[in-house]
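As a plain string of letters, each chain reads:
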Amino acid sequence: MTEQRKTVEVVAAVIYDAEGRVLATQCPPHKHNGGWEFPGGKIEPAESPQAAVVRELREELSLTVQVGELLHTVEWDYPAFHLRMHCFACTIAAGEVQLKEHTAYRWLTPATLHSVPWLPADVDVLPHVFTR
């Protein structure tokens, strides 16, 4: 019999700037070995995915974002759980990036998108980032 894994529902923001670049953030060394990700987090009970994006970006980066289309939903198996990550296209409505949980950030272009070591689940999003 196969063990049923807990599914964790999260959101991620693919934030585009006026030049069409996307924001990548680096996790601290104790979280995912310092890998790079699209920022976001867990969806709270009774919270819509879009509301979770807005809340998480305010908490993690001090940004107010405008949430756009759903770009992709990642289904990824980690050893302890199954991840379902809803990735939304976003733009900054107000604020400047302030790192509260991450150690670094970069604005990436199509030419530099693969220049950081992305976390495995985020790699699945990359083909969808510059196709809009």
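It should be noted that the structure appears before, not after, this text.
Counting of residues starts from 1 at the beginning of each chain's written sequence and follows it residue by residue. Since the coordinates come from a predicted model, pLDDT governs what is reported: local features require at least 70, and pairs of side-chain atoms require 80 or more to be given and counted, while whole-chain, interface and lining totals use all residues. For side-chain calculations, the full set of non-hydrogen atoms in the structure is used, while hydrogens and water are omitted.

Quick word on unusual backbone geometry
Link 1 in the chain: One non-glycine residue with positive phi stands out, namely A46, at about 65 degrees.
Link 2 in the chain: Under the scheme used here, helices are H or I runs from DSSP no shorter than 4 residues and strands are E runs no shorter than 2 residues, and both carry numbers assigned from the N terminus. Its location among the elements puts A46 in the loop between β4 (40-42) and α1 (49-61).
Link 3 in the chain: Exposure categories follow from relative accessible area, calculated using a 1.4 Å probe and restricted to protein chains: below 20% of the type maximum is buried, above 50% is exposed, and the middle band is partly exposed. Looking at A46, the relative accessible area reads 93%, which means it is exposed.

With respect to the state of the cysteines
Link 1 in the chain: Two cysteine sulfur atoms form a disulfide, by the criterion used here, when they sit within 2.5 Å. Applying the stated criterion across every chain yields a total of zero disulfides.
Link 2 in the chain: Cysteine C27 shares no disulfide, and the gap to the nearest cysteine sulfur, in C87, comes to 14 Å.
Link 3 in the chain: Taking relative accessible area as the criterion, C27 reaches 1% and is therefore assigned buried.
Link 4 in the chain: Left without a disulfide partner, C90 is nearest to the cysteine sulfur of C87, which lies 10.0 Å away.
Link 5 in the chain: The class for C90 is buried, based on a relative accessible area of 1%.

What about the nonpolar core?
Link 1 in the chain: Only buried Ala, Val, Leu, Ile, Met, Phe, Trp, Tyr and Cys residues count toward a nonpolar core, and they belong to the same one when joined by side-chain atoms within 4.5 Å. If you look at the biggest cluster of nonpolar residues, it comprises 24 residues, and the most contacted ones within it are V14, V22, F38, M85, W118, V125 and V129.
Link 2 in the chain: A per-element tally of this core places strand β1 (residues 6-16) first, with five residues.
Link 3 in the chain: Note on definitions: a residue-residue contact is assigned when non-hydrogen atoms from the two residues lie within 4.5 Å. Those residues in contact with V22 that sit more than four places away from it in its chain are V14, I15, Y16, F38, R106, W107, L108, L113, V129 and F130.
Link 4 in the chain: Grouped together as the second largest cluster of nonpolar side chains are 15 residues, I15, L23, A52 and V67 included.

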